[in-house]
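Results of the structural survey
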Amino acid sequence: MLKVLTCLTTEHDLRLVLVAGLICLAACFTAFRLYSRMRGATGVVRAAWLLLTGLVSGSGVWATHFIAMVAYSPGLKTGYNPAGTLISLIIAVLFMAGGFAVASAERSRTNDCAGGLILGVGVAAMHYTGMSAFVTQGFVQWEQATVAVSVLAGVAGAAAALALAGRARSLIKQAAGGAVLTIGVCALHFIGMGAITIVPDPAIQVPAELLSGGVLTLAVTSITAMIVLGGLGAVAIESQTSRSALDRIRRLANAAYEGIVVVQNGRINDANAAFCDLAGAELETLVGAPLFAGMLTFDDEGPAHEGVRREGALQPVDGGRRIPIEVFSRLMDDGARQETSGLTVLAVRDLRERRLAEEKIRYLAEHDGLTGLPNRNSLQMRLAAALDRVEASGESLALICIDLDHFKEVNDLHGHLAGDALLVETARRLQDALTAPSFAARLGGDEFIVVQVADGDQPTAAAELAGQLIDALSAPASHEGQDLIMGASLGVSLFPDDGRTAEALLANADMALYRAKEGGRGAYRFFKREMDETIRERRTLARELRQAILDEELLVYYQPLATASDGQVCGFEALVRWNHPVRGMVPPLEFIPVAEENGLIGQLGEWVLRRACADAASWERPLRIAVNLSPLQLNQPNLPALVHEVLVASGLSPKRLELEITESALFKDYQRALDNLRRLKALGVRIAMDDFGTGFSSLSTLQSFPFDKIKIDKSFVENIHRHDRATVIVRAVLGLGRSLEIPCVAEGVETQEQIDFLRGEDCAELQGYAIGRPAPVDTLSAWTLASQAAIQEPPRATKRRQGRDAA
Ligand code: C2E
Ligand code: CA
Ligand code: CA
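Treat the numbers as computed from the prediction; the structure is a model and nothing was measured.

Close to ligand 1 lie 22 residues, the nearest being Gln 559, Arg 577, Lys 714, Glu 750 and Tyr 769. At a separation of 2.8 Å, a nitrogen atom of ligand 1 approaches a polar side-chain atom of Gln 559. Between an oxygen atom of ligand 1 and a side-chain N or O atom of Asp 691, the distance comes to 3.3 Å. Considered on its own, ligand 1 offers 790 Å² of accessible surface; in the complex 87% of this is hidden by protein. Those elements giving two or more residues to the shell around ligand 1 turn out to be strand 19 (569-580), helix 18 (588-597) and strand 23 (686-692). With four residues, the single largest contributor to the shell around ligand 1 is strand 19.

Structure follows, in structure tokens:
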């Protein structure tokens, strides 16, 4: 120790030692400044900062060593080997950069220490490499122990410096770190100098080309000072740029629609205009206020995670209502700068509008848009809740299915607006008749549901309510000055007798409703076990029929019509058949009503029409083809367009097509039916009145429209000569036809007797088993081929035959 002190005081130029120390301090402080910038950066910028840190600290430390060496004068001639000196500079820069790189790789004590170790070793390596380039007139003797102490001192100083200022943000700490590093470097140097003894040897020459002190000291000092200044300048420029970047960010933030608030250690540091609006205060009031102490609360507990969306509420400072918000947070701490310590940016989104929209959507999803009643979706939920309730409370529950009796008529007669008004009025009356927890829902169309939750005994309570509902729904409603007929049919199922689940109750109430409608409408029916079977059967049939239409299980059979006078076949009636894979041939009287109930008749009728027209168009003789129209079809506004399209598509002449309608078809919607008939007739198509005698058989029907044919129902024909009444009726109808100049056809002609009678009464055409049974199209060639036309004889049938169609 003493030797070191002696060496320092007696063998060194102290002024130069001071210069060396100052250079070292400046370089080390600057290195820590640069190092802090490097920690806050990434990628290329980080590498550049690291290079600069290594360059500043390395060259600084090296300059310290060099100047201190120049300050050393052992009283002999000295010089420096340029190669060795240069290598020592390179070593210094590399080790410094390496040390700082390791220290910054991770924020841990271990990294700080490891980095410090590398720095210390680097300083030692630089020093002793530099020493080996030192040439003097004598032998240099080394004291091993002191060398070791010097290295330890250097390593300890460097490690302490990194431990102290490795993560420092403040200038003071960085300066302190620089000072400690400087002490380490100087300690290493001067202890190291104390470890040598020079034994002069005049025989040793110091070569002239070696570097020598003097001028070089000045050069080294100024170059190093410039490097250090450069480093400091870089830090200053960077600070300025990041400050202006911050300004730009603030301007951008103010333009943002979302609230942005910067928080440091829980207190508001800055906020944009949108946040100030939300919080209801000026920025000046907000800055410094604690954000999380009541002002902003989160719905979920737990620590805030970076970048995770959290919902909560913001309590405005001015005492307004709490605002639902959504928050994204991002930590802005770069781990290096004082200004960013603990800095978090929160983006705060006002959720009020979204919440309102969500509420609206939920309402729309659960309610029927027209009537405002709960819809099918929410019926399921409400019914389930009601079932839970009555199961627990012991109250009774009844489910009532409601179907309006005249909805379609109102729609057809008065238009959709009137139909809508009817539905709205129905909903209002239902709600008026109910008290919570009973409720009404709309399933769609004109179907409503009432769920009754009552204390009273069942079925009394349900019967009472059903009666009230029927009364409530039967008074006419008025819409734009006109009276709309109301009226409804109800089906009731009871919990738990008719079902324990929502599905069972709904299905059974629906069945009861079906029966109520069948039984004449305007009434209610309770579900009964027996209803199950027949209705299920019909449902199955409907389902199968829907598929059958697609699978082409349907066929068209043709039954001939003959001119009564000569027995010549003059046309055919198309009669649909269903060849069911399991049930066999299903008679049309069974499935046509099913098709009508289930909305399949349009499709079915169209299919028959197309088939029949196409078949008829392929016949050689221009025979007429008659196609039956269901009442529902006749009321379809697009019927004339459809018929026209089918005629065009098949190429069949319109005058060969005859459409058969029944009287009842006219009563559904008289005006529309007549309108359709007129338009059909305008196409050139013939219209026949089918089954005449079975309906109202009113003269006015026949007068209201110029029918081309009257078909006398077979129930009268089969009773000719058996019941006087039937004979009288047939005669009367034939007379009526004559007076109106409408030709008549007798249906169901089976015997020669009937043929003779009808001929005698001037009936125009005959149809029935006596002429021919309905048969598939490929069996008709006897009648349809041109060459066969002449040889037809009136068929002679004497025996009344019942039964199947021809195969
Ligand atoms: P409809 O229009 O009165 O057809 C005549 C019905 O009488 C046919 O019954 C036919 O097979 C049957 N028939 C014909 N000659 C005789 C006879 O001499 N004696 C007896 N006992 N019956 C005879 P089908 O084919 O069972 O049709 C029944 C009803 O189904 C038809 O009565 C018609 O109203 C309806 N229908 C048939 N095909 C269609 C169709 O394509 N569309 C529509 N909408 N209805 C159809
Ligand atoms: Ca017919
Ligand atoms: Ca008929």
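Structure's up, so let's keep going.
Here helix 4 (residues 82-105) spans 35 Å end to end across 24 residues, near enough to the 34 Å set by a 1.5 Å rise per residue. Within helix 4, burial applies to Gly 84, Thr 85, Ser 88, Ile 91, Ala 92, Val 93, Met 96, Ala 97, Gly 99, Phe 100, Ala 103 and Ser 104. In this structure, the buried residues of helix 4 make contact with helix 2 (14-39), helix 3 (43-71), strand 1 (78-80), helix 5 (109-132) and helix 6 (144-165). Taking the backbone nitrogen of Ala 83 as reference, a side-chain oxygen 3.2 Å away marks Asn 81 as the first, capping residue of helix 4.

Here we take up the environment of Val 263. Its location among the elements puts Val 263 in strand 5 (residues 259-264). Each C-alpha atom of the pair Val 263 and Leu 404 lies 64 Å from the other, and the pair is 141 residues apart in sequence. Apart from the residues within four sequence positions on either side, Val 263 is in contact with Asn 269, Leu 291, Phe 292, Gly 342, Leu 343, Thr 344 and Leu 346.

Taken domain by domain, the protein consists of domain 1 (2-237), domain 2 (257-356), domain 3 (367-529) and domain 4 (542-787). The C-alpha centroid of domain 4 is placed 80 Å from the C-alpha centroid of domain 2.

Protein coordination at the calcium ion (ligand 3): the donors are Asp 690 (OD), Asp 691 (OD), Glu 747 (OE) and Glu 747 (OE), at 2.2 to 2.4 Å from the metal. Each donor residue of the calcium ion (ligand 3) lies on the same chain, and together they follow the pattern D-D-x55-E. In this structure, the calcium ion (ligand 3) is positioned 3.8 Å from the calcium ion (ligand 2), and both are ligated by Asp 690. For Asp 690, a relative accessible area of 7% gives the class buried.

In this section: the packing of helix 12 (residues 376-393) against helix 16 (residues 502-518). Closest axis-to-axis distance for the helix 12/helix 16 pair is 10 Å, and the angle between their directions is 110 degrees. The pairing of helix 12 with helix 16 is recorded here as roughly perpendicular in orientation. Each of Leu 379, Gln 380, Leu 383 and Leu 387 in helix 12 lies in contact with helix 16, whose residues at this interface are Ala 502, Glu 503, Leu 505 and Leu 506. Across the contact of helix 12 with helix 16, the residue classes break down as six nonpolar, one polar and one charged.

On to the packing of aromatic side chains. Throughout the structure, instances matching the rule amount to 14 aromatic pairs. It is Arg 310 that lies over the ring of Phe 298; its NZ or CZ is 3.9 Å from the centre. Above the face of the Tyr 769 ring, Arg 773 is positioned so that its terminal group lies 4.0 Å from the ring centre.

What follows is about the confidence of the model for the protein. When pLDDT is averaged along the protein, the result is 87; 95% of the residues meet or exceed 70. Of all secondary-structure elements in the protein, the lowest mean pLDDT belongs to helix 1 (residues 2-11), at 72, while strand 21 (residues 624-628) reaches the highest, 98. Scored below 50 in pLDDT, residues 790-804 shows 32 contacts in the model against residues more than four places distant or in partner chains.

This part covers the layout of surface pockets. Estimated volume of the second largest pocket: approximately 870 Å³. Considering the residues around the second largest pocket, the lining is formed by 30 residues, among which Leu 246, Ile 249, Met 332, Thr 340 and Leu 343 are closest to the centre. Counting only elements with at least two residues in the lining of the second largest pocket, the list comes to helix 8 (215-255), strand 5, strand 6 (267-271) and strand 10 (343-350). Looking at the lining of the second largest pocket, the element that brings in the most residues is helix 8, giving 12 residues. Broken down by class, the residue content of the lining of the second largest pocket amounts to 12 nonpolar, nine polar and nine charged. Here the lining of the second largest pocket spans two domains, since at least three of its residues come from each of domain 1 (2-237) and domain 2 (257-356).

Here the structure, examined in full by the defined rule, presents 38 salt bridges. Where Arg 167 meets Asp 112, a salt bridge forms, and the shortest distance between an N and an O atom there is 2.9 Å. Here Arg 167 is found in the loop between helix 6 and helix 7 (171-194), whereas its partner Asp 112 is found in helix 5, with 55 residues between them in sequence. Assessed through its relative accessible area of 3%, Asp 112 is described here as buried. A salt bridge links Asp 350 to Arg 352; the nearest nitrogen and oxygen atoms lie 2.7 Å apart. When its relative accessible area of 30% is taken as the criterion, Asp 350 is described as partly exposed. The class of Arg 352 is partly exposed, set by a relative accessible area of 42%.

Here we come to the coordination of the calcium ion (ligand 2). The calcium ion (ligand 2) binds to the protein through Glu 573 (OE), Asn 628 (OD1), Glu 660 (OE) and Asp 690 (OD), with metal-donor distances spanning 2.1 to 2.3 Å. Classification of Asn 628 by relative accessible area gives partly exposed; the value is 29%.

Here we take up the sheet that holds strand 8 (residues 309-314). Across the sheet, six strands lie side by side as 6-5-10-9-8-7; this open sheet has antiparallel pairing. Only two strands of the sheet have a single neighbouring strand rather than two, namely strand 6 and strand 7 (296-298). Pairwise comparison of adjacent strand axes, ignoring direction, gives a mean angle of 40 degrees for this sheet. Here helix 11 (residues 352-366) sits on the sheet in contact with strand 8, strand 9 (323-331) and strand 10, set at roughly 125 degrees to strand 9.

Criteria and cut-off values
- Residues numbered from 1 in each chain as written.
- Chains lettered and ligands numbered in written order.
- Predicted model: local features only at pLDDT ≥ 70, side-chain atom pairs only at ≥ 80, totals over all residues.
- Heavy atoms only, no water.
- Near = heavy atom within 4 Å.
- Polar contact = N/O pair within 3.5 Å; in protein donor to acceptor, adjacent residues only side chain to side chain.
- Areas by Shrake-Rupley, 256 points an atom, 1.4 Å probe, with all protein chains shown as cover.
- Helix = DSSP H or I, 4+ residues; strand = E, 2+ residues; numbered from the N terminus.
- Expected span 1.5 Å × (residues − 1).
- Buried < 20%, exposed > 50% of the residue type's maximum accessible area, 1.4 Å probe, protein only.
- Contact = heavy atoms within 4.5 Å.
- Domains from an automatic or database assignment.
- Donors = N, O, S within 2.8 Å, 3.2 Å for Na, K, Ca; no water.
- Axes fitted to C-alpha atoms, helices over the stretch in contact; angles between N-to-C directions.
- Parallel < 35°, antiparallel > 145°, perpendicular 65-115°, else oblique.
- Nonpolar A, V, L, I, M, F, W, Y, C, P; charged D, E, K, R; others polar.
- Phe/Tyr/Trp six-rings, centres within 6.5 Å; stacked < 30°, edge-to-face > 60°.
- Lys NZ or Arg CZ within 6 Å of the ring centre and 35° of its normal.
- pLDDT = per-residue confidence, 0-100.
- 1 Å grid on protein atoms, 1.4 Å probe; cavity = no way out; pocket = protein on both sides within 12 Å on 5 of 7 lines; lining within 4 Å.
- Points joined across faces, edges and corners; volume = space filled by probe spheres on them.
- Salt bridge = Lys/Arg side-chain N within 4 Å of Asp/Glu carboxyl O.
- Pairing = 2+ DSSP bridges.

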